[in-house]
Amino acid sequence: MGGFRELPREVKILTAVAFTVAVGFGIQSPAIPVFAGEFGVGSAAVGAVVSAFAFMRLATGLPGGRLVNRFGERAVLTTGMALLAVTSILAGLSWNYPQLLIFRGACGVGSALYTVSAMNMLLRVTPASHRGRATGYFQGGYYLGTVTGPALGGGLLGVSPRLPFFVYGVAVAIAGAIATVALSKAVPITDAVARTGTAAKTGTGSGAGAGDGRPGITLGRALRHRSYLAALTTNFGLGWAVFGVRVSVLPLYLLVVIKADAAWIGTGLAVGAIMQAVTLPVAGRVADQWGRRPSLLLGQGLILGCLVMVITWQTLVAYLAAFALMGLGTAFCTTGGAATVGDVTRGRGGTVVAGYQMTADLGMTVGPLVAGQLAASYSYEVAFLATGAVVLIGWIMALVMPSRPT
């Protein structure tokens, strides 16, 4: 953790909060289908409980960004975490299926507010020379939590399917209260725009957001930056291939084409998650030292390579190796993309950050549907080729982006 010494104190706090939120989310994951099933609903209704969270996250991302611009990150972060805590507990207290569906959707709203405000603060308080590393640690904390959470959730589920919701709510409430107090010294977003300087040594949160003293950038202006467009397209491809196809179509490919045991599905996902979590701090340093464009090109190239590997060598070894490569590629893409967005915003950019995060959610929503339909109508190879084409578009956009934001 020595690299933390180079970063503002807010980065350490936000990383700890990200870990806590991710652990709680993972704790809930195994409980959702069991709890929903107790109301006597079918698999489609159980899936709707999961989709309600993702849909509301996607729908409220941009409004959350506007709230960040209007009221500042700390207020929105506190509100988002409070909403997460309360609605999680209410979900655990649900008396029927419609209540569970409503409260899980409200959890998605809280998640959107939290993620947009946390990422905006992270990018604002960190100088450009350290944004990749800050993003790497922040996302590393999150993915470490996603690996830890399900194991804890399985144990709690044995006591009661409601208990994981209560534990998550209490944990998020405590983390939110600590974060609110600990982040009280962060310079408000409206003050940061009027300042100059760096935050890495002082930890006051005054640097990245106003390094050039310019006001915040609007989403419309950001869309005229080739760097931002490259970040959007690569993040969309990431959502499609990694957050979508990796957890939906690829496991089916293992069972139907490779004809391996279903136990290897969890092994592959664990290999990818571990590789990603371990690589994130290194990938962040690479994004700072090599530049954003090389990081995006390397990350997208690795993801393309894993898709080619799966199609070409239809073996269990290739399947596991592809998950490892995908984890590596994701680490470079996420750090390079987030750092690029930070370079473009240079201060108040709540809607810009929200737009970036929403592209991954959109890809995660569309990707499994399209790839699944292609696999059913044609073949898994066609589905992976289509996924590779989406990733390739992001790679091309990264190739033509300027080496520095304009």
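See the structure shown above.
My aim in this report is to walk through the structure given alongside it, one point at a time. These numbers come from a predicted model, not from an experiment.

The next thing to look at is the nonpolar core. Grouped together as the largest cluster of nonpolar side chains are 40 residues, with contacts concentrated most on Leu14, Met81, Tyr114, Phe138, Tyr228 and Val341. Going through the elements one at a time, helix H1 (9-28), helix H5 (73-92), helix H6 (97-125), helix H7 (131-157), helix H8 (163-182), helix H11 (226-258), helix H14 (316-345) and helix H15 (350-377) are the ones with two or more residues in this core. For this core, the element with the highest residue contribution is H6, accounting for 8 residues. Counting 33 residues, the second largest nonpolar core, distinct from the first, contains Trp240, Val245, Phe323 and Val390.

Scanning all chains against the criterion turns up 6 salt bridges. Linking arginine 292 and aspartate 288 is a salt bridge whose minimum nitrogen-to-oxygen distance equals 3.1 Å. Neither arginine 292 nor aspartate 288 differs from the other in exposure class; each is buried. The residue aspartate 343 makes a salt bridge to arginine 292 at a minimum N-O spacing of 2.7 Å. A residue pair is termed long-range when its members are at least 10 positions apart, and aspartate 343 in helix H14 and arginine 292 in helix H13 (residues 292-312) qualify at 51 residues. Each of Arg131, Arg133, Asp288, Arg292 and Asp343 takes part in a single network of salt bridges with overlapping partners.

Here the focus is helix H16 (residues 380-400). Given a rise of 1.5 Å per residue, 21 residues ought to cover 30 Å, and the 31 Å separating the end C-alpha atoms of H16 matches this to within 8%. Restricting attention to buried positions, one finds in H16 the residues Tyr380, Ala383, Phe384, Thr387, Gly388, Val390, Val391, Gly394 and Ala398. One side of H16 holds all its buried residues, which, seen down the axis, span an arc of 155°. Of the residues in H16, the exposed ones pointing more than 90 degrees away from the buried face are Leu385 and Ile393. Of the surrounding secondary structure, the elements contacted by the buried residues of H16 are H11, H13 and H15.

Turning our attention to a nonpolar patch on the surface. A cluster of nonpolar side chains, namely Val86, Ile89, Leu90, Leu93, Val170, Ile174 and Ile178, defines an oily patch on the protein surface of about 570 Å² accessible area. For the nonpolar patch, the elements supplying multiple residues, two or more each, are H5 and H8. Looking at the secondary structure, you find leucine 93 in the loop between H5 and H6.

How each quantity is defined
Residues numbered from 1 in each chain as written. Predicted model: local features only at pLDDT ≥ 70, side-chain atom pairs only at ≥ 80, totals over all residues. Heavy atoms only, no water. Core = buried A, V, L, I, M, F, W, Y, C linked by side-chain atoms within 4.5 Å. Buried < 20%, exposed > 50% of the residue type's maximum accessible area, 1.4 Å probe, protein only. Helix = DSSP H or I, 4+ residues; strand = E, 2+ residues; numbered from the N terminus. Salt bridge = Lys/Arg side-chain N within 4 Å of Asp/Glu carboxyl O. Expected span 1.5 Å × (residues − 1). Arc of directions from axis to C-beta. Contact = heavy atoms within 4.5 Å. Patch = residues over 30% accessible without salt bridge, like charges linked within 9 Å, V, L, I, M, F, W, Y side chains within 5 Å. Areas by Shrake-Rupley, 256 points an atom, 1.4 Å probe, with all protein chains shown as cover.

In short, shape yes, function no, at least from these values alone.
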